[in-house]
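Structure at a glance
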Amino acid sequence: MPKEFISTEDIAKTNPKESKSKKQQSQSKSPIQPVSLEGVKHKIMVMSGKGGVGKSTIAAYLASSLAKRGYKVGLLDSDIHGPSIPKMFGLKNKKPEVDEKGIVPVPVSDNLKVMSIAFLLEGEDFPVIWRGPAKMGAIKQFLEEVSWGILDFLIIDLPPGTGDEPLSIAQLIPEFDGAIVVTTPQDVALASVRKSINFLDHVNVPILGLVENMSGVICPSCGDEIEVFGGGGVNKAASDFGISVLAELPIEPNVSQKADTGSTYSYEGSKSEWDKRFSKVVDTIEKLENEYDEE
């Protein structure tokens, strides 16, 4: 049996007014040791330089799309302070179970399962007030003590920025297949995405490509694309760093509505411009499995 998982009582004790628990103290002294994910073929980061660019939406639809193509997929929501993945799949009131192998991720379908700190909170308004060592301890548990089983893909939705959570995961998983960096066309987002690219280079995680989200709006009358936030910056950043732009995704109300109502997995696509472009992102990740089978 695995050791006891982080409980809501543990979370409550992390208020700055309270002293650290013995468990937290031991975590802060523990050296970083890579975790073993022997049953997982491919590990993919989805990250962004700043919040509000739709990174979690991309991660959720990527995991969902791969599962619908027949792959066994795990989705780890590693955003300790702002977990949103459970809501996108209608799993807000679910709790993980425990078996002889560890913590059992919450299933979305037969071949898609999810783990998030949100499953352990008393409610969606309950804050997690943690410093770095406690967050790293929780993330290590998500990777090491969760019974992921045999997976073709483990998609890891990172919180925005280049702080504790992304650094911890990059150190804990020594062999990432790569990262997808999500941004929007605004200059303020592009300034942050350049930092993300340099961060990934620093921690030796390959960059699979950039995804420009909210790249424009497709006019329902004429079909032309209107660049609401301007354009050209993402392609320039990709050119500067020698990486690819996987897709420029227009604003698609149906996609965000499905996520807001917890129906991400039931989204079947409408053959819209968003669907056509997003399929290229899924194709890029699926190619990793095709190359793996050829080896």
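Note that the structure is a prediction, hence the values are computed from the model and not measured.

Quick notes on the pairing of strand β2 (residues 73-77)
- Here β2 lies mainly inside the structure; 5 of its 5 residues are buried.
- Where burial is concerned, the two faces of β2 agree: the one with Val73, Leu75 and Asp77 and the one with Gly74 and Leu76 are both buried.
- When β2 meets strand β6 (residues 112-116), the two strands line up parallel, connected through 5 bridges. When the sheet's bridge partners are listed, Leu76 is paired in β6 with Met115.
- Pairing between β2 and strand β7 (residues 151-157): 5 bridges, direction parallel.

Structural notes on the packing of helix α7 (residues 187-202) against helix α8 (residues 233-241)
- Axis separation between α7 and α8 bottoms out at 11 Å; the angle between their running directions is 25°. With respect to their mutual orientation, α7 and α8 come out roughly parallel. Crossing of α7 over α8 shows right-handed handedness. Contacts between α7 and α8 involve Leu190, Arg194, Ile197 and Asn198 from the first element and Gly233, Val234, Lys236, Ala237, Asp240 and Phe241 from the second.
- Of the residues that constitute the contact of α7 with α8, the class distribution is 5 nonpolar, 2 polar and 3 charged.

Thoughts on the pairing of strand β5 (residues 106-109)
- One ladder, built from 3 bridges, connects β5 with β6; its direction is antiparallel. Pairing of Val106 across the sheet is with Val114, part of β6.
- Taking the residues that link successive antiparallel strands as the turn, the β5-β6 hairpin has 2 residues.

Some remarks on the nonpolar core
- Counting 85 residues, the largest nonpolar core has Leu143 and Ile155 as the members making the most contacts within it.
- Ranked by residue count, the leading element in this core is helix α3 (residues 55-68), at 8 residues.
- Beyond its immediate stretch of four places on either side in the chain, Leu143 contacts Val35, Leu37, Leu76, Trp148, Leu154, Ile156, Leu172 and Ile173.

Re the packing of helix α5 (residues 132-144) against helix α6 (residues 164-172)
- Here α5 crosses α6 at 45°, and the two axes come no closer than 10 Å. With respect to their mutual orientation, α5 and α6 come out oblique. In this structure, the crossing between α5 and α6 has a hand that is right-handed. Contacts between α5 and α6 involve Gly132, Lys135, Met136, Ile139, Lys140 and Leu143 on the former and, on the latter, Asp164, Glu165, Ser168, Ile169 and Leu172.

Focus on unusual backbone geometry
- At Asn204, a position not held by glycine, the phi torsion is positive, near 60°.
- By the element assignment, Asn204 lies in the loop between α7 and β9 (207-212).
- For Asn204, a relative accessible area of 66% corresponds to the exposed category.
- With a phi angle near 55°, Met214 is a residue other than glycine that sits in the positive phi range.
- With respect to the helices and strands, Met214 occurs in the loop between β9 and β10 (217-218).

Some thoughts on the packing of aromatic side chains
- The tally for this structure, following the rule as stated, stands at 5 aromatic pairs.
- Plain terms: the ring middles of Tyr71 and Phe153 are 5.4 Å apart, the flat faces sit at 90° to each other, and that makes the pair edge-to-face. Taken together, the positions of Tyr71 in the loop between α3 and β2 and Phe153 in strand β7 put the pair 82 residues apart, joining distant regions of the chain. Phe153 matches Tyr71 in its accessibility class, with the two residues each being buried.
- Their ring planes at 15° and their centres at 4.7 Å tell us that Trp274 and Phe278 sit as a pair that is stacked. Residue Trp274 and its partner Phe278 are located together in helix α10 (residues 273-294), separated by 4 residues, close to a single helical turn. No difference in accessibility class separates Trp274 from Phe278, as the two residues are buried.
- Over the ring of Tyr265 we find Lys68; its NZ or CZ atom is 5.1 Å from the centre of that ring.

Digging into the confidence of the model for the chain
- Overall, the predicted model of the chain reaches an average pLDDT of 85, with 88% of residues at or above 70.
- The low-confidence segment residues 11-30 (pLDDT under 50) makes 28 contacts with residues lying over four places distant or belonging to another chain.

Regarding the pattern of salt bridges
- A complete count under the given rule lists 11 salt bridges for this structure.
- In this structure, the salt-bridge partner of Glu165 is Lys135, at a minimum N-O distance of 3.6 Å. Placement of the pair is Glu165 in helix α6 and Lys135 in helix α5, with a sequence separation of 30 residues. Accessibility assignment for this pair places Glu165 and Lys135 in one class, buried.
- Of the charged contacts in the structure, one is a salt bridge between Asp240 and Arg194, with a shortest N-O distance of 2.7 Å.

Cut-off values and rules
- Here the residue numbering is sequential within each chain, running from 1 through the sequence in written order.
- For this predicted model, a pLDDT threshold of at least 70 governs which residues receive local features, and a threshold of 80 or more governs which side-chain atom pairs are given and counted, while totals over whole chains, interfaces and linings are taken from all residues.
- To obtain the side-chain values, all non-hydrogen atoms of the structure were used and water was disregarded.
- A 1.4 Å probe rolled over the protein chains alone gives each residue an accessible area, and that area as a share of the maximum for its type sets the label: buried under 20%, exposed over 50%, partly exposed in between.
- Think of it this way: any DSSP run of H or I at least four residues long counts as a helix, any run of E at least two long counts as a strand, and we number them from the N terminus.
- Two strands are said to pair when DSSP picks up at least two bridges between them.
- Helix axes are fitted to C-alpha atoms over the stretch in contact, other axes to C-alpha atoms as well, and angles between N-to-C directions run from 0 to 180 degrees.
- To sort the angles, those under 35 degrees are grouped as roughly parallel, those over 145 as roughly antiparallel, those from 65 to 115 as roughly perpendicular, and the leftovers as oblique.
- Here a crossing is taken to be left-handed if its near helix is turned anticlockwise relative to the far helix by less than a right angle, and right-handed if that turn runs clockwise.
- Any two residues having at least one pair of non-hydrogen atoms within 4.5 Å are treated as being in contact.
- Ten residues, namely Ala, Val, Leu, Ile, Met, Phe, Trp, Tyr, Cys and Pro, are considered nonpolar, four, namely Asp, Glu, Lys and Arg, are considered charged, and the remaining ones, Gly among them, are considered polar.
- Residues enter a nonpolar core if they are buried and are Ala, Val, Leu, Ile, Met, Phe, Trp, Tyr or Cys, with the set joined through side-chain atoms within 4.5 Å.
- For Phe, Tyr and Trp, rings pair up if their centres lie within 6.5 Å, where Trp contributes its six-membered ring, and each pair is then called stacked (planes under 30 degrees apart), edge-to-face (over 60) or tilted (otherwise).
- Charge over a ring is defined by NZ of Lys or CZ of Arg lying within 6 Å of the ring centre and within 35 degrees of the ring normal.
- The predictor attaches a confidence to each residue, called pLDDT, with possible values from 0 through 100.
- Here, a salt bridge means any side-chain nitrogen of Lys or Arg that lies within 4 Å of a carboxyl oxygen of Asp or Glu.

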